[in-house]
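Per-entry structural report
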Amino acid sequence: MGPPLLVALLCASSCSDAARRPDAGGPAVEAFRLADEPELQVGVVGGDPAQELFDVRAAERLSDGRIVIVNRGTSELRYYGADGTHLGTSGRRGEGPGEFEDVRFGRSIVGDSMVTYDYRLRRVSVFDPAGEFARSFEVDISEGQVRMFGGVGQASPAELVVRGDGTVFIVPAPPIWLARQNPDVPDGPHPSQVQLYELGGEGAVVDSAGPFVGMEFFIRNGRGNGLLGGRRLYAAAGPDRVIVGDGLTFDFTMLGPGGAPEAIRVDWPRRPYPQAQRDAEIDRVVEIFADPDAMRELYGAMPKADSLPAYSALLADETGTLWIGLYRGVVQGEYPDPNQWLAVGPKGDVIGTLETPEGLEVQQIERGYVTGIVTDEFDVERVLVYRILDDL
């Protein structure tokens, strides 16, 4: 068994008033606060091109206060100072070393190096703390398998998880195409089973864990999509552990180097799933399809869950503290609940809550700061950094 994953949060006397649990049961927890205004903002309309952002896929605050932004629209890593000044750019469009065709992931690791992933090239690249290209390798999980719809498909990468020491893990995509190859797939819900693959320095699989329940799909009359309120695989990485959950419950599996998986349960209530909220979510989802009426019929036939999913985002910080972004859902086109995160200790104990601004897509909670992306009504993207006022 490796060293403990999570370091407990200690709240000094400056902490804010305690927050009550939504079920009014159990002890109160600390309500950590953010500053009212961001300490840093990157992103403008017009002006300096280095300040214009397009299709940002990641934003990380480094230990020295610099910000690194994965700007997919220009196939670049952009580095900014703690005051927002553009310091330099790494990468460009292409297939050569340090270049990108479709970069969609970036994570800082211990020492302030950046790990990126190019989905089209299936290539992991590492940039040193100064932003210089260091090395790369192609991801090879050709021996991996995913089970779904009564069949077995070859695994393909869907998401990356990078531990603080730079170890890369791959979460495979569910093989939806297996349903099209098997006309006898019955109507109803269909879970997938996936492994979590650990990669070595050359991109080959050196270990795996699982199986875990991946995304759940629902099939009706040959049509299918993700099950409303169903499971999907979430994973986050701390300094030396990986945390895996299904989004539906507050049960997690902790995976450490050389140690057996450890089950952790977070004592936090799930909320009911009222019909009005379910209807509102269906209205929002079907609008994106070419045949909304057919998709409305599909979603209407899905089994109704009694409770909302537990969460929709999972992060771990540099101490290994787990941050759980609670599921919100939509009612009448609006989010009825605040954008709330739970800070969780080593045994699943909830030590505090943190409410983040509306519209902020949180990328990182580390070193007393929250870094995220906002997109306004004109599709202008900005990266904002907020300071957490209370001691963690």
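Rules used in this analysis
- Residues numbered from 1 in each chain as written.
- Predicted model: local features only at pLDDT ≥ 70, side-chain atom pairs only at ≥ 80, totals over all residues.
- Heavy atoms only, no water.
- Pairing = 2+ DSSP bridges.
- Helix = DSSP H or I, 4+ residues; strand = E, 2+ residues; numbered from the N terminus.
- Axes fitted to C-alpha atoms, helices over the stretch in contact; angles between N-to-C directions.
- Salt bridge = Lys/Arg side-chain N within 4 Å of Asp/Glu carboxyl O.
- Core = buried A, V, L, I, M, F, W, Y, C linked by side-chain atoms within 4.5 Å.
- Buried < 20%, exposed > 50% of the residue type's maximum accessible area, 1.4 Å probe, protein only.
- Contact = heavy atoms within 4.5 Å.
- Lys, Arg positive; Asp, Glu negative; His and termini not counted.
- Polar contact = N/O pair within 3.5 Å; in protein donor to acceptor, adjacent residues only side chain to side chain.
- Expected span 1.5 Å × (residues − 1).
- pLDDT = per-residue confidence, 0-100.

With that out of the way, let us pick up the sheet that holds strand β6 (residues 76-80). The four strands lie next to each other as β4-β5-β6-β7, forming an open sheet whose pairing is antiparallel. The sheet is open, and its two borders are formed by β4 (56-61) and β7 (86-90), each paired with just one other strand. Between one strand axis and the next, the sheet turns by 15° as a mean value, whatever way the strands run. In terms of strand pairing, strand β5 (residues 67-71) meets β6 through five bridges, oriented antiparallel. When the sheet's bridge partners are listed, I67 is paired in β6 with Y80.

With the rule as written, the count across this model stands at 22 salt bridges. Taking the shortest distance from any N to any O, the salt bridge between R72 and D55 comes out at 2.6 Å. Of this pair, R72 sits in the loop between β5 and β6 while D55 sits in the loop between β3 (40-42) and β4, and the two are 17 residues apart along the sequence. Residue K347 pairs with E262 through a salt bridge whose shortest N-O separation is 4.0 Å. Of this pair, K347 sits in the loop between β25 (339-344) and β26 (350-356) while E262 is found in strand β22 (residues 262-265), placing the two residues 85 residues apart along the sequence. Three or more residues joined by partner-sharing salt bridges are found here, namely D55, R57, R72, D102 and R104.

Of all hydrophobic cores here, the largest spans 20 residues; its most connected members are F250, F252 and I324. When residues of this core are traced back to their parent elements, those giving at least two are β19 (234-237), β21 (251-255), β23 (311-316), β24 (322-326) and β25. When near neighbours in sequence (up to four residues on either side) are disregarded, I324 contacts F250, F252, V266, Y311, A313, L314, Q340, W341, L342 and V344.

The next subject is the side chain of D118. Position of D118 among the secondary structure elements: in strand β9 (residues 114-118). The side chain of D118 sits in the buried core without any salt bridge; R123 is the nearest counter-charge, 5.3 Å away. A distance of 3.0 Å separates a polar atom in the side chain of D118 from the backbone nitrogen of R120. Residues contacting D118, with those up to four places away along its chain left out, are E99, F100, E101, D102, V103 and R123.

For the bond from G210 to P211, the omega torsion is 10°, close enough to zero to count as cis. Residue position: P211 is located in strand β17 (residues 205-220). Here D55, not a glycine, exhibits a phi torsion of approximately 60°, which is positive. In this structure, D112 is a non-glycine residue whose phi angle is positive, near 75°.

Attention shifts here to the sheet that holds strand β20 (residues 242-245). Within a sheet, each strand pairs with its neighbour through backbone hydrogen bonds, oriented either parallel or antiparallel. Here we have four strands laid out as an open sheet, ordered β19-β20-β21-β22, and antiparallel in their pairing. Two strands lie at the open edges of the sheet, namely β19 and β22, each paired on one side alone. Going from strand to strand, the sheet's axes swing by 25° on average, the running direction of each strand aside. Bridge count between β19 and β20: four bridges; the pairing is antiparallel. Residue A235 lies in a different strand from β20, and its bridge partner there is V244.

Let us look at helix α2 (residues 275-286). Here α2 spans 17 Å end to end across twelve residues, near enough to the 16 Å set by a 1.5 Å rise per residue. All buried positions along α2 are accounted for by Q277, R278, A280, E281, I282 and V286.

Bringing the environment of P274 into the picture now. Among the structural elements, P274 can be located in the loop between β22 and α2. For P274, a relative accessible area of 40% puts it in the partly exposed group. Taking C-alpha positions, P274 is 9.3 Å from A305, a pair spaced 31 residues apart along the chain.

So, about the confidence of the model for the protein chain. Averaged over all residues, the pLDDT of the protein chain is 85; the fraction at 70 or higher stands at 84%. Confidence over residues 1-16 falls short of pLDDT 50; this stretch has 51 contacts with residues more than four positions distant or in other chains.

Here V44 shows up in the loop between β3 and β4. Separated by 338 residues in sequence, V44 and R382 place their C-alpha atoms 7.3 Å apart. Once residues lying within four places of it in the same chain are set aside, the contact partners of V44 are Q51, E52 and V380.

You can see V213 is positioned in strand β17. Along the sequence, V213 and G245 sit 32 residues apart, while their C-alpha atoms lie 8.8 Å from each other. Dropping the residues within four chain positions of it, V213 is found in contact with P191, S192, R231, R232 and L233.

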